[in-house]
Amino acid sequence: ETGVTQTPRHLVMGMTNKKSLKCEQHLGHNAMYWYKQSAKKPLELMFVYNFKEQTENNSVPSRFSPECPNSSHLFLHLHTLQPEDSALYLCASSQPGGADTQYFGPGTRLTVL
Amino acid sequence: SQQGEEDPQALSIQEGENATMNCSYKTSINNLQWYRQNSGRGLVHLILIRSNEREKHSGRLRVTLDTSKKSSSLLITASRAADTASYFCATPNSGGSNYKLTFGKGTLLTVNP
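Below or above, wherever it landed, is the structure these notes cover. (Residues numbered from 1 in each chain as written. Chains lettered and ligands numbered in written order. Predicted model: local features only at pLDDT ≥ 70, side-chain atom pairs only at ≥ 80, totals over all residues. Heavy atoms only, no water.)

**Section: the overall build of chain A**
Right, on to step 1. Along the backbone of chain A there are zero helices and eleven strands.
Right, on to step 2. The helix and strand sequence of chain A, counted from the amino end, reads β-β-β-β-β-β-β-β-β-β-β.
Right, on to step 3. Radius of gyration (C-alpha) of chain A: 13 Å, near the 13 Å computed for a compact globule of 113 residues.
Right, on to step 4. Across its three principal directions, the C-alpha atoms of chain A cover 35 × 25 × 25 Å.
Right, on to step 5. Here chain A holds 113 residues, and 50% of them are scored as buried.
Right, on to step 6. At a minimum sequence separation of 6, the contacts of chain A that also span at least 24 residues come to 54%. (Helix = DSSP H or I, 4+ residues; strand = E, 2+ residues; numbered from the N terminus. Rg over C-alpha atoms; globule rule 2.2 N^0.38 Å. Buried < 20%, exposed > 50% of the residue type's maximum accessible area, 1.4 Å probe, protein only. Contact = heavy atoms within 4.5 Å.)

Quick look at the structure:
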């Protein structure tokens, strides 16, 4: 479980704030993912990065802005969020391709007031 | 559209009993994976079964795959209170330049001591 770390673990922000979520993986993987998990809904894939390049944007609103400076780090920059964006945000990594095992971080519990 | 769907949505058993969860999917796959999630935490990979395998074991876990029925089952034997968690099946599907995993809504398993 310590192969993928996420900070912060909990975040409360107002709708006008700007904040960032951070993910770091120590597994030598080259693919990283952001997922959103809301209550009573399936896990939603948001973004995919392969070798630092974004290869998937699953129609995510522009108030979520991902950044992948290298294969080990992934950020999710947040601004002007809505209360319905409150959820658990999960980061994962895998070997490129994504069809095999993904390794998840513990998540950031985000609450938007 | 949702690929994997777990059944039942919730399951409550006594410690020592076996728990069986099912997953149905819609399109052809080359593997199917099961993950576990403790409340408010990240997902942990349990087992991957490839399309040419019919059954796979890992400790107290047994997974079966029936590609003709497009279904899989996860059996946890001799359950423990620590097995209380949500269990998800995930299937890869190709989209554009990369494969990605699609998760079901999960089965919430409660093991009562």
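**Side note on the environment of Ala10(B)**
Right, on to step 1. The residue Ala10(B) is located in strand β2 (residues 10-14) in this model.
Right, on to step 2. In this structure, the C-alpha to C-alpha distance between Ala10(B) and Ile49(B), residues 39 residues apart in sequence, is 23 Å.

**Concerning the sheet that holds strand β3 (residues 18-25) of chain A**
All names here are of chain A.
Right, on to step 1. Sheet architecture is open: four strands sit in the order β1-β3-β8-β7, paired in antiparallel fashion. Strands at the two margins of the open sheet, each flanked by one partner only, are β1 (4-7) and β7 (64-70). Adjacent strand axes in the sheet meet at a mean angle of 15 degrees when their direction is disregarded.
Right, on to step 2. Bridge analysis of β1 against β3 gives four bridges, and the strand direction is antiparallel. Following the sheet pairing, Gln 6 is matched in β3 by Cys 23. (Pairing = 2+ DSSP bridges. Axes fitted to C-alpha atoms, helices over the stretch in contact; angles between N-to-C directions.)

**So, the packing of aromatic side chains**
Right, on to step 1. In this structure the tally under the stated criterion is seven aromatic pairs over all chains.
Right, on to step 2. Between the aromatic rings of Tyr35(A) and Phe104(A), the centroid separation amounts to 5.4 Å while the plane-to-plane angle is 40 degrees, which identifies the pairing as tilted. Highlighted residues: Tyr35(A) in strand β4 (residues 31-37) and Phe104(A) in strand β10 (residues 103-104), separated in sequence by 69 residues.
Right, on to step 3. Tyr35(A) gets classed as buried once you look at its relative accessible area, which sits at 1%.
Right, on to step 4. Plain terms: the ring middles of Phe104(A) and Tyr35(B) are 5.9 Å apart, the flat faces sit at 80 degrees to each other, and that makes the pair edge-to-face. (Phe/Tyr/Trp six-rings, centres within 6.5 Å; stacked < 30°, edge-to-face > 60°.)

**Concerning the state of the cysteines**
Right, on to step 1. The full count for this structure, using the stated rule, is two disulfides over all chains.
Right, on to step 2. Across a sulfur-sulfur distance of 1.9 Å, Cys23(A) and Cys91(A) are joined as a disulfide pair. Taking the sign of the S-S torsion, about -70 degrees here, the bridge from Cys23(A) to Cys91(A) comes out left-handed. Placement of the pair is Cys23(A) in strand β3 and Cys91(A) in strand β9 (residues 87-94), with a sequence separation of 68 residues.
Right, on to step 3. Taking the relative accessible area as the measure of exposure, Cys23(A) reaches 0% and is therefore buried.
Right, on to step 4. For Cys91(A), a relative accessible area of 0% corresponds to the buried category.
Right, on to step 5. Covalently, Cys23(B) is tied to Cys89(B) through a disulfide, its sulfur atoms 2.1 Å apart. Judged by the sign of its S-S torsion, about 70 degrees, the bond between Cys23(B) and Cys89(B) is right-handed. You can see Cys23(B) sitting in strand β3 (residues 19-24) and its partner Cys89(B) sitting in strand β9 (residues 85-95), a full 66 residues away along the chain.
Right, on to step 6. Taking the relative accessible area as the measure of exposure, Cys89(B) reaches 0% and is therefore buried. (Disulfide = S-S within 2.5 Å.)

**So, the nonpolar core**
Right, on to step 1. Ranked by internal contacts, the top residues of the largest apolar core, which has 22 residues, are Trp34(A), Phe64(A), Leu76(A) and Leu78(A).
Right, on to step 2. At the level of secondary structure, the elements contributing two or more residues to this core comprise β2 (10-13), β3, β4, β5 (44-50), β7, β8 (73-79), β9 and β11 (108-112) of chain A.
Right, on to step 3. Beyond its immediate stretch of four places on either side in the chain, Leu76(A) contacts Lys19(A), Ser20(A), Leu21(A), Trp34(A), Met46(A), Phe47(A), Phe64(A), Ser65(A), Pro66(A) and Tyr89(A).
Right, on to step 4. Counting residues in hydrophobic clusters, the runner-up holds 20 residues, among them Met21(B), Trp34(B), Ile49(B) and Cys89(B). (Core = buried A, V, L, I, M, F, W, Y, C linked by side-chain atoms within 4.5 Å.)

**Description of the pattern of salt bridges**
Residue and element names in this part refer to chain B.
Right, on to step 1. Tallied over the entire structure, the rule returns three salt bridges over all chains.
Right, on to step 2. Arg 36 is paired through a salt bridge with Asp 83; the nearest N and O atoms lie 4.0 Å apart. Remark: Asp 83 occurs in the loop between β8 (71-76) and β9 and Arg 36 occurs in strand β4 (residues 31-37); sequence separation between them is 47 residues. Comparing Arg 36 with Asp 83 shows no difference in burial state: the two are buried.
Right, on to step 3. Two residues, Asp 83 and Arg 60, come together in a salt bridge whose shortest N-O distance is 2.9 Å. Of the two residues, Asp 83 sits in the loop between β8 and β9 while Arg 60 sits in the loop between β6 (55-58) and β7 (61-66), which places them 23 residues apart along the sequence.
Right, on to step 4. Linked through salt bridges whose partners overlap, the residues forming this network are Arg 36, Arg 60 and Asp 83. (Salt bridge = Lys/Arg side-chain N within 4 Å of Asp/Glu carboxyl O.)

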